[in-house]
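# Remarks on the overall topology
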Amino acid sequence: YRFNAYIVVFVCFCMKDTAAEVAGYADVAKRIIDLAVFGAAQNRSYRRLADFTDAIGSRVSGSQSLEMAIKYMHNAMSQDGLDVHLEPVKIPHWVRGKESAEMIMPRSKNLAMLGLGSSVGTPPEGIKAEVLVVQSFDELKLRASEAAGKIVVFNQPFVSYGETVAYRAFGASEAAKVGAVATLIRSITPFSVNSPHTGWQDYQAGVNRIPTACITVEDAELMWRLAQRGQKIVVRLTMEAKTLPDADSFNTVAEIKGWEHPEQVVLLSGHLDSWDVGQGAMDDGGGAMISWEVLSLIKDLGLRPRRTLRTVLWTAEEQGGVGAQQYFNLHKVNLNNFDLVMESDLGTFTPVALQFTGSDAARKVMEEVVKLLAPINTTKLESHGEGTDISPWLEAGVPGASLHVEDSRYFWFHHSEGDTMTVQDPAEMNLCSALWAVVAYVVADLQDMLPR
């Protein structure tokens, strides 16, 4: 009993000690916030994002525009006085080509559509077939005998992205199992102005590969209503989509070396690739820019943390974190030197909280760190730090953090032509940059690494 009491006292003493240490960063945190939100760096991350996305546009995996984007960022961060290098990786190279969909019965109507990543194409003359409309995988199974030779339209309601995205990911293979010749999937979005949303899809091994695309919420609902009335629906789908051999690409890495433990790393990140529609400003140009902005803010203030601050701009995230997985494979030998991994990939709207995954002891430290964000009213620490690109590190036990923003509009624009600079707000990006910089710098400069 006495031994246990000593442990409790010791832990409490250590936590008080840590709390005092973190509180000692209040002045430097305020300097970072003032520079990012009110000072000379105000609106800088927004301007950088506008310059970048206006110059490059969309940047899909394997494309020339993605390679131009990587060169652009390598040059820009080098000119910013940072230590920058590229790490080579192999990435998927899927090409959309020309595509169209048209309802030809019971009346003629053009269907706005976007083929899904990794989809096969149709024959040159397209696929003309009757439509079967279902609202769930369960309904498809119940009506399996009706599916042979038809185009299956999934008109699933939007519940949440995490749940509903299964239709985009697996709809083609599920429909192919019951003999469908193609699938058209209601876009994974809670709001639509006749806007199709693309994304990656996965064929199941051993299942016939059929063409698959997303259509708009409006057109999926239209065809469902027609089907409910017993009307025959016929659609012609034409897609030139094809997959080429894997392409050469790079993860883009910039850093400020730590003065005491340069081998220990706090990693910040966003992904540089996007889909081949819109500008990729929200997904994930904003996350990439605030992760660069952190290094700029720290450099501008003449600060140098104990540990290395490293920004990684991932390639081929949209295809399943391809560049990030290769980075992990290369660097996991130094797993114990990665203090915290951070990813911003759910927009850079008004920040609400920091999300964190780690041990209880690490969480106690992070609860103190976010108190330093009181000047911008984001002192909340939530559970479940997440991100496709940092997930290998989290699974290996490295503490991880992600940015929680007011993201109710995120899936309105996600993977669509609507993902442009018009979605972004400079004041919101300033706040995201300030939060990101304070957290990264303080954790990188604390006496000890976060406990595992």
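Model, not experiment: these values are computed from the prediction.

## Some details on the pattern of salt bridges
- Counted by the stated rule, this structure contains 22 salt bridges.
- Between aspartate 80 and lysine 299 there is a salt bridge; the shortest N-O distance is 3.7 Å. Linking aspartate 80 in the loop between α4 (64-79) and β1 (83-95) with lysine 299 in helix α8 (residues 281-300), this pair joins segments that are 219 residues apart in sequence.
- Here lysine 299 falls in the partly exposed class, since its relative accessible area comes to 32%.

## Details of the packing of helix α2 (residues 26-38) against helix α13 (residues 426-445)
- Across the interface, α2 lies against α13 with an axial gap of 9 Å and an inter-helix angle of 155 degrees. Judged by the angle between their axes, α2 and α13 are roughly antiparallel. For the pair α2 and α13, the crossing hand works out as right-handed. Packed against α2, whose contacting residues are Val28, Ala29, Ile32, Ile33, Ala36 and Val37, the element α13 presents Asn430, Leu431, Ala434, Ala437, Val438 and Tyr441 at the interface.

## Some points on helix α10 (residues 360-371)
- Relative to the 16 Å expected for 12 residues at 1.5 Å per residue, α10 spans 17 Å between its end C-alpha atoms, a close match to the ideal helical length.
- Along α10, the residues that are buried comprise Ala362, Arg363, Val365, Met366, Glu368, Val369 and Val370.

## A closer look at unusual backbone geometry
- The amide bond that connects methionine 105 to the next residue, proline 106, takes the cis arrangement and shows omega of 5 degrees.
- One non-glycine residue, serine 118, lies in the positive phi region at around 85 degrees.
- As for its position among the elements, serine 118 is in the loop between β4 (113-115) and β5 (127-134).
- Of note, the phi angle at asparagine 194 is positive, near 55 degrees, even though the residue is not glycine.
- Topologically, asparagine 194 is positioned in the loop between β7 (182-186) and β8 (212-215).
- With a relative accessible area of 35%, asparagine 194 lands in the partly exposed category.

## Observations concerning the sheet that holds strand β15 (residues 381-383)
- Reading across from one edge, β1-β10-β12-β11-β13-β16-β14-β15 is the order of the eight strands in this open sheet, with mixed pairing throughout. Every interior strand has two partners, whereas the edge strands, β1 and β15, have only one. Here the average twist between neighbouring strands, direction ignored, is 25 degrees.
- Where strand β10 (residues 242-256) lies against strand β12 (residues 307-314), five bridges are found, and the strand directions are antiparallel. Looking at β12, one finds that isoleucine 256 is bridged to leucine 309.
- The strands that α4 touches are β1, β10 and β12; relative to β10, the one it contacts most, it runs at about 10 degrees.

## Some words on the domain arrangement of the protein chain
- For the protein chain, the assigned domains are domain 1 (17-94 + 245-445) and domain 2 (97-240).
- On a C-alpha basis, the centroid separation for the pair domain 1 and domain 2 is 35 Å.
- Taken together, the contact pairs 12 residues of domain 1 with 17 residues of domain 2.
- Counting each side, the surface lost to burial between domain 1 and domain 2 is near 1,200 Å², with a carbon and sulfur contribution of 71%.
- Our count for the contact surface shared by domain 1 and domain 2 stands at zero salt bridges.
- Listing elements by their share of the side of domain 1 that touches domain 2, those giving two or more residues are β1 and α12 (410-413).
- Sort the elements by how many residues they give to the side of domain 1 that touches domain 2 and α12 lands first, with three residues.
- Tallied by class, the residues present in the side of domain 1 that touches domain 2 amount to seven nonpolar, four polar and one charged.

## Looking at the packing of helix α3 (residues 44-56) against α13
- Relative to each other, α3 and α13 sit at 115 degrees, their axes nearing to 7 Å. Considered as vectors, α3 and α13 are oriented roughly perpendicular to each other. On α13, the residues touching Arg44, Ser45, Tyr46 and Leu49 of α3 are Pro426, Met429, Asn430 and Ser433.
- Among the residues forming the contact of α3 with α13, the class breakdown is four nonpolar, three polar and one charged.

## Points about empty space enclosed by the protein
- Going through the model one piece at a time under the given rule, you end up with two cavities of 30 Å³ or more.
- In this structure, the largest cavity occupies an estimated 40 Å³ of space.
- Around the largest cavity, the lining residues are Ser274, Trp275, Val277, Gly280, Asp283, Glu318, His415, Ser416 and Asp419.
- Of the residues belonging to the lining of the largest cavity, the class tally is two nonpolar, four polar and three charged.
- The calculated volume of the second largest cavity comes to roughly 30 Å³.
- Forming the boundary of the second largest cavity are Tyr161, Arg168, Ile188, His197, Thr198, Cys214 and His414.
- A breakdown of the residues in the lining of the second largest cavity according to their chemical character gives three nonpolar, three polar and one charged.

## Digging into the environment of valine 89
- Along the chain, valine 89 turns up in strand β1.
- Under the relative-accessibility criterion, valine 89 is labelled buried at 8%.
- With 160 residues separating them in the primary sequence, valine 89 and serine 249 have C-alpha atoms 5.3 Å apart.
- If sequence neighbours within four positions are ignored, valine 89 has contacts with Ala247, Asp248, Ser249, Phe250, Asn251, Thr315, Gly323 and Gln326.

Thresholds applied
Numbering of residues begins from 1 in every chain and follows the order in which that chain's sequence is written. It should be noted that, the model being predicted, local features are given only for residues of pLDDT at least 70 and side-chain atom pairs only at 80 or more, the latter also being counted only at that level, while totals for whole chains, interfaces and linings use all residues. In computing side-chain values, all of the structure's heavy atoms are included and hydrogens and water are not. Take a side-chain nitrogen of Lys or Arg and a carboxyl oxygen of Asp or Glu: if they are within 4 Å of each other, that pair is a salt bridge. Going along the chain from the N terminus, every DSSP run of H or I of four or more residues is numbered as a helix, and every run of E of two or more is numbered as a strand. Residue exposure (1.4 Å probe, protein chains only): buried if accessible area is under 20% of the type maximum, exposed if over 50%, otherwise partly exposed. An axis is simply a line fitted to the C-alpha atoms; with a helix, the fit covers only the stretch in contact. Between two such axes, the angle follows the N-to-C directions and lies from 0 to 180 degrees. Oblique is the label for any angle not covered by the other classes, which are roughly parallel (under 35 degrees), roughly antiparallel (over 145) and roughly perpendicular (65 to 115). Left-handed is the label given to a crossing in which the near helix is rotated counterclockwise from the far helix by less than a right angle, and right-handed is the label when the rotation is clockwise. What makes two residues a contact is simply this: any of their non-hydrogen atoms within 4.5 Å. An expected span of 1.5 Å times one less than the residue number is assigned to each helix. In short, DSSP must find at least two bridges between two strands for them to pair. The start and end points of each domain follow an automatic or database-based domain assignment. When two parts are brought into contact, each loses some accessible area as probed by a 1.4 Å sphere; the total of that loss over both is the buried area. Here the nonpolar group is Ala, Val, Leu, Ile, Met, Phe, Trp, Tyr, Cys and Pro; Asp, Glu, Lys and Arg are the charged ones; every other residue, Gly included, is treated as polar. Using a grid of 1 Å spacing that covers the protein atoms alone, one calls a set of points a cavity when a 1.4 Å probe fits there but cannot get out, and a pocket when the set is open and has protein on both sides within 12 Å along at least five of seven lines; lining residues are those with an atom within 4 Å of a point. Grid points are joined across faces, edges and corners, and a volume is the space filled by probe spheres set on the points.

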